[in-house]
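Each chain is listed here by its residues.
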Amino acid sequence: MRKTLYLKFLLGYFIFGFFGFIAVATFVSSMTMEHLTREKADALYKEATLVANTYAADLYNNETSLDTVKKQLDALDTYLSANLWIINPSGRMILDSKAPVDVENETVISDFNPTVTGSSYYTVGNFFGCFTEEQLSVFAPITSGYKVRGYVVIHYPMSSLTASCNGLLNISYLMLVVLFLLSLIILIFFTEMVYLPLRKITEATEQYAAGNMHYEFQVESEDEMGYLAASLNYMASEIARTEDDQKKFVANVSHDFRSPLTSIKGYLEAMLDGTIPPELYGKYLGIVLNETERLTKLTNSLLVLNNLNTRGMMLDKSIFDINRIIRDTAASFEGTCRKKTIAIELILTSDELYVNADVGKIQQVLYNLLDNAIKFSHHDSIIKVETTEKHNKIFVSVKDSGIGIPKDDLKLIWDRFYKSDLSRGKDKKGTGLGLSITREIISAHGEHINVISTEGVGSEFIFSLPVADDNED
């Protein structure tokens, strides 16, 4: 594509130059010649009219002599570089600026017709066969007593007009060449601003189509071409990041499935081959049961996360009391809290606080946050759950005083399957999907969730929900 585009532009450039010369050689040439002819005919007609009204009129009125008029015609001949005649309506020559006065030998123009000019005052040709080359002939009538007594005719060689026309055309050709060369600037700009960046973009798209999403290129431009290149680079980096995430996701899923399956297979084989005696079956079957529960939990979490990521996911929104959901969820952890002697302190704004959200999914968010808080809290500690209302939003905080999250891990805790080094020993049955699911649910509601944590001090998760409108049902 890039070769064809550039060749097309070059072809268009040369076609422009070719037709420019054709236009100058044909249309401009004819128009210039016509303009020069009319301009010269107008100037000669003014001179002919002046002669007809002065010297020639005086001659026909017997107020001057032939020799006097002949001298004036000779002077005008030299000045105008033209041949001046005075002829009768019958075609008989009276005076000729190119010939001496000869009364004895009269010259008669055969077939002379003063109406040959039609509606104009000039004609182009050999003037009834009097010349061997074309002449521009201008007529001016000599009148006396309201009658046409003769004509002043000025002949100007068309070869002189052609020479003038060619001189102007040479200037036109020169200007066309200059314009053609100056238009090279457009070609240079096209090459630098469009073609070369487009070639880089095309090469990049070929690399991306071949699967090389890590290919990088740069277009130094702040216009639409630069914006296109930057957008393409960003798109490729996002696709590459997605591919890396997919590979990481598959690796993590494989690892999290392989570990319990390996344990299950190992214990069952040991029971079958007698390595584990029958009296210990109960103990190891319990371990196998725990591993299957871990697989079930992991599978369910993956299904939930997949559904949350589905475009156009429908939320079953309703108006409900968030304080009641918090109390119910906290109550479900009573047994776990008793084992670790952990207390859950509820600091709730008013008795009832209504929000507009999907009650089932928000309950899952609360469950995940409380489950994590309990897992990573120390014995004999307190977990605080607090609700506040600000700017038409409800903010829910779940705060523990546990092991906390290292600073370098804060941006990674939302990634699927991610577990910090500090949490690995505490969360042996965790899937690493809880916080990912939590963020997806909050994002689906168009809200945000944030975390504040200090290693060794504890963590606080805060998410927002919209306050229920009083007009909503």
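Peer 1: Just checking my understanding: could you explain the sheet that holds strand β4 (residues 135–144) for this structure?
Peer 2: Note on sheets: strands pair through backbone hydrogen bonds, and any given pair is parallel or antiparallel. In space, the five strands of this open sheet follow the order β2-β1-β5-β4-β3, with antiparallel pairing throughout. Only two strands of the sheet have a single partner each, and these edge strands are β2 (93–96) and β3 (122–125). Put simply, the sheet's adjacent strands are angled 25° from each other on average, direction ignored. Bridging between strand β1 (residues 83–87) and β2 involves three bridges; their strand directions are antiparallel. Each bridged residue has a counterpart across the sheet, and for Ile86 the counterpart in β2 is Leu95. Against the sheet, helix α4 (residues 158–182) makes contact with β3, β4 and β5 (147–157), and its axis sits at roughly 45° relative to β5, the strand it touches most.

Peer 1: Can you walk me through the confidence of the model for the protein in this structure?
Peer 2: Detailed conclusions should not be drawn from predicted coordinates in areas where pLDDT is low. Of all residues in the protein, 90% have pLDDT values of 70 or greater, and the mean over the chain is 82. When pLDDT is averaged over each element of the protein, strand β10 (residues 393–399) comes out on top at 93 and helix α11 (residues 421–424) at the bottom at 44. Overall, residues 421–430 carries pLDDT values under 50, and its contacts beyond four positions in sequence, including any with other chains, amount to 20 contacts.

Peer 1: How should the pairing of strand β9 (residues 382–390) be read in this particular structure?
Peer 2: The side chains of a regular strand alternate, residue by residue, between the two faces of the sheet. Pairing geometry for strand β7 (residues 343–347) and β9, over five bridges, is parallel. Its bridge partner lying in β9, Ile347 is registered against Glu386. Pairing of β9 with β10 involves seven bridges; the strand directions are antiparallel. Its bridge partner being in β10, Glu386 is matched across the sheet by Ser397. Taking the residues between adjacent antiparallel strands as the criterion, β9 and β10 are bridged by two residues, where His391 takes a positive phi near 50°.

Cut-offs used in this document
Residues numbered from 1 in each chain as written. Predicted model: local features only at pLDDT ≥ 70, side-chain atom pairs only at ≥ 80, totals over all residues. Heavy atoms only, no water. Pairing = 2+ DSSP bridges. Helix = DSSP H or I, 4+ residues; strand = E, 2+ residues; numbered from the N terminus. Axes fitted to C-alpha atoms, helices over the stretch in contact; angles between N-to-C directions. Contact = heavy atoms within 4.5 Å. pLDDT = per-residue confidence, 0-100.

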